[in-house]
Each structure stands twice: as C-alpha cells, then as structure tokens.
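Observations on chain architecture
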Amino acid sequence: MSYNQKFVEGEKYEEFRTTKYPDKGIVILTCMDTRLVELLHRAMNLRNGDAKIIRNAGAMVTHPFGSIMRSILVAVYELQAREVFVIGHHDCGMTSLNSESVIEKAKKNGVSEDKIDTLRHAGIELDKWLTGFESVEDSVRQTVENIKKHPMFPIGIPVHGLVIHPETGELDLIVEGENAEGNAGLKE
C-alpha cells in the first residue's frame, strides 16, 4: 500500500492512460503462467491499452457459458474487439495435469472426502474438470473451435490460435482465423 501511495502521488499512472477499448481491436485468451506476464506483450508488440487480455489455466474455454466465454463476448460486442487470439504455450502446467494428484493435494490441505463425494454425487465430474491436455496445439485448436461454434459468437470475427515459446517469445501459428469473406484476418 505504501508503494501504491507513492505511485499515485508521483503520477506514475500517466504513462498508462488509455480507454477501455482495445487500441488494436483484439482480445487475447492466454495462460496465467508467470513467464507470459510481460513476455507475451513484448513478443506481440503490445502496449497498455492495445488488447483485452483474459488469463486462465491453459488458455482454455471449457464451458460455453462460463466467465471466459462471457468475457470474450463482452470484448467483442461491448468493447469493440474485432479479432480473437487464443495463445497457449509450450511447457504448460496443464499438460498432462492429473486430477488424482490435484484431489490428493486438496485432501492434504483440509478438503474432506465428504466434500469431494458431495461434489461427485451432485454431478460434478471432478476427474474431467481437473484434467489438463496432452498437446498444447490440440488444446488451442479445440478452444478456437469452442469459441467459433458458440451460439452467440458473431460471424466474421477471426479467431486465431497460436502457441508461444515461454523462453524466447517465438509464436507458432496453429490456426489462422478467417473473416466473413474467408480471408485471413491476421494483420499485425
């Protein structure tokens, strides 16, 4: 809090002023991995205000009506995003995530077997929900498809899929999104 007070008093925020609309018209779904916090921005030549950034474990849309898909739709419909980028990364912690391991760690941290059983009996498929993926490329492809096929996602908004190398920032194009005319939408 003391740092924040100095930040505000020194008007350090001035260099970050922008609007709520993404200057480059893009929304990015990426992983919460700490290596990407600044690397992704630099690798894509992004400055504050250029893009809407959504982060979660694995850069995945796993539920059609969850908060990730809602955020993408809000970015497109309300905040003028014109392209969507799904950016996974190599060496992701979601690769081969094992639900049994997560559940065992939860138990060791005080989550009772009764709570876990209650969730399972309530129809929550913990083993599926707490599972990662084998291939980041396949996961990116699947997430791109989940976004494009969403019943509320607009026609004509390109959805691109990329994988970033967390050591170098190099981007591999996995899915090149297309606009309404079928032309590639990747410009910058």
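Note that the structure is predicted; figures quoted are calculated from it, not measured. (Residues numbered from 1 in each chain as written. Predicted model: local features only at pLDDT ≥ 70, side-chain atom pairs only at ≥ 80, totals over all residues. Heavy atoms only, no water.)

Some remarks on the nonpolar core
For the record, the criterion: Residues belong to one nonpolar core when they are buried, are Ala, Val, Leu, Ile, Met, Phe, Trp, Tyr or Cys, and are joined through side-chain atoms within 4.5 Å. Working definition: with a 1.4 Å probe on protein chains only, accessible area under 20% of the residue-type maximum means buried, over 50% means exposed, and in between means partly exposed. Each helix corresponds to a stretch of at least 4 residues labelled H or I by DSSP, and each strand to a stretch of at least 2 residues labelled E; elements are numbered beginning at the N terminus.
Membership of the largest hydrophobic core comes to 39 residues, with the highest contact counts inside it found for Ile28, Ile72, Val84, Ile87, Ile147 and Phe153. When contributions to this core are tallied by element, the ones reaching two or more residues are strand E1 (26-31), helix H2 (36-43), strand E2 (51-56), helix H3 (67-77), strand E3 (83-89), helix H7 (136-148) and strand E4 (159-164).

Things to note about the pattern of salt bridges
For clarity, the cut-off: Only one rule defines a salt bridge in this text: a Lys or Arg side-chain nitrogen within 4 Å of an Asp or Glu carboxyl oxygen.
Following the criterion strictly, the structure yields eleven salt bridges and no others. The partner of Arg35 in a salt bridge is Asp91, with the nearest N and O atoms 3.0 Å apart. In this pair, Arg35 is assigned in the loop between E1 and H2 and Asp91 in the loop between E3 and helix H4 (99-108), connecting sequence segments 56 residues apart. For Glu104, the salt bridge goes to Lys107, with nearest N and O atoms at 3.4 Å. Highlighted residues: Glu104 and Lys107, both in helix H4, separated by three residues, approximately one helical turn. Lys107 gets classed as partly exposed once you look at its relative accessible area, which sits at 26%. One salt-bridge network, held together by shared partners, links Asp33, Arg35, Asp91 and Glu167.

Re the sheet that holds E1
As a reminder of what qualifies: Note on pairing: DSSP must find at least two bridges between two strands before they are called paired. The convention used is that axes are lines fitted to C-alpha atoms, helices contributing only their stretch in contact, and that angles between N-to-C directions extend from 0 to 180 degrees.
Within the open sheet, the five strands sit side by side as E2-E1-E3-E4-E5. Their pairing is mixed. Each end of this open sheet is capped by a strand with a single partner; those strands are E2 and strand E5 (171-175). Adjacent strand axes in the sheet meet at a mean angle of 25° when their direction is disregarded. Both E1 and E2 contribute to a ladder of six bridges, which runs parallel. By the bridge assignment for E2, Cys31 is matched with Asn56.

Structural notes on helix H1 (residues 2-9)
Across the eight residues that make up H1, only a small minority, zero, are buried. Downstream of H1 by one or two residues, Glu11 has phi in the positive range, about 55°.

Examining the UniProt feature "binding site: Zn(2+)" (unreviewed entry) in the protein chain
Short version of the rule: UniProt positions are given in the numbering used here, feature names are shortened, and annotations may be inferred rather than shown by experiment.
Taking the UniProt record as the reference, the feature "binding site: Zn(2+)" (unreviewed entry) is found at Cys31, Asp33, His89 and Cys92. A maximum C-alpha distance of 8.7 Å is found for the annotated residues, which run over 62 residues; spatially they form one tight group. By the secondary structure assignment, Cys31 is in strand E1. Note that Asp33 resides in the loop between E1 and H2.

Re the pairing of E4
Judged by how many residues are buried, E4 sits mostly within the fold: six of six residues are covered. Burial of E4 is two-sided: the residues Val159, Gly161 and Val163 facing one way and the residues His160, Leu162 and Ile164 facing the other way are all buried. Sheet topology note: the E3/E4 ladder contains six bridges and is parallel. Across the sheet, the residue bridging to Val84 is Val159, located in E4. As consecutive antiparallel partners, E4 and E5 are separated by six residues, and within that stretch Gly169 has a phi angle of approximately 85°, a positive value.

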